[in-house]
Amino acid sequence: DLDRLRLYARVMPAEEAAANAAGGKPNDEGLIADWTFDDLKDGAYANVAGQGLAAKVMGTVEHVEDKDGKYVRLARKGWLEVAPDPRLDASAAFTLEAWVRPTEPGILVFRQVVWQWGMIVRLDQNSVVADAFRTTGYTLQAPFTFPKDGWTQLVVAFGPSGAWRMYANGELIGEREAMPAQQ
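The paragraphs below set out a description of the structure included in this document. In this text the structure is predicted, and so the values were computed from the model without any measurement. Starting afresh in each chain, residues are numbered from 1 along the sequence in its written order. With pLDDT at 70 or above as the cut-off, local features in this predicted model cover only qualifying residues; side-chain atom pairs require 80 or more to be listed or tallied, and sums for whole chains, interfaces and linings still use all residues. By convention in this description, side-chain values take in all heavy atoms of the structure and omit both hydrogens and water.

Regarding the nonpolar core
The criterion, for reference: Only buried Ala, Val, Leu, Ile, Met, Phe, Trp, Tyr and Cys residues count toward a nonpolar core, and they belong to the same one when joined by side-chain atoms within 4.5 Å. Relative accessibility decides the category of a residue: with a 1.4 Å probe and only protein chains considered, values under 20% of the type maximum give buried, values over 50% give exposed, and everything between is partly exposed. Helix and strand definitions follow DSSP, with helices as H or I runs of at least four residues and strands as E runs of at least two, each counted in order from the N terminus. Contacts: residue pairs with any heavy atoms within 4.5 Å of one another.
Ranked by internal contacts, the top residues of the largest apolar core, which has 34 residues, are Leu 5, Leu 108, Val 128, Leu 154 and Met 166. For this core, the element with the most residues is strand β9 (residues 94-100), which contributes four residues. Excluding its chain neighbours within four sequence positions, the residues that come into contact with Leu 154 are Leu 96, Glu 97, Ala 98, Val 100, Leu 108, Val 121, Leu 123, Val 128, Met 166 and Tyr 167. One finds Met 12, Leu 31, Val 155 and Tyr 167 within the second-largest nonpolar core, a separate group that totals six residues.

Right, dumping it as structure tokens:
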């Protein structure tokens, strides 16, 4: 399940990740996209940051409205797709912030910028795995057990030097320093 997904063209600091997890007002500096998944219109969820980048439903995606509010359930039968756009270039400073409630292992986001560059975030049963790859892989795997019935704020921040920081509910769960220089 996915309740909200925000993308930033900057590295989110630890203090901000913690404040957002506690319900603070998000800092919109560098905000590229914000999908709340409140309203499905013409087969897509609007980017409420107002800059295009609608998330189009592909396959079977369930729009759920219950006591927890409105969210999407992907369940490996469908996905949300955003058209390629230069603003989504994850090869520089980039932060993904999402409210997730995984019901099974799966992929949260994948972005292929050019042939040799990509980023993927996988939610496994007892960990979160973030990969950046440029011909060879650069991975951060952080141990984390998702609660069975609760939502988790997940933040994955990638700096221009290649340093990773990963937070769950505002707490640092993993970090990796700068990516080795390309050969």
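Things to note about the environment of Gln 153
Keep this limit in mind: N or O atoms closer than or at 3.5 Å make up a polar contact, with two conditions inside protein: a donor-capable atom paired with an acceptor-capable one, and, for residues adjacent in sequence, both atoms drawn from side chains.
Relative to the elements of secondary structure, Gln 153 occurs in strand β14 (residues 152-158). Residue classification places Gln 153 among the buried residues on the basis of a relative accessible area of 0%. In this structure, the C-alpha to C-alpha distance between Gln 153 and Glu 171, residues 18 residues apart in sequence, is 9.7 Å. Setting aside anything within four residues of it in sequence, one finds Gln 153 in contact with Ala 17, Asn 20, Ala 21, Glu 97, Ala 98, Trp 99, Tyr 167, Ala 168, Asn 169 and Gly 170. A polar atom in the side chain of Gln 153 sits 3.0 Å from the backbone oxygen of Ala 17. For Gln 153, the side chain forms a polar contact with the side chain of Glu 97, separated by 2.9 Å.

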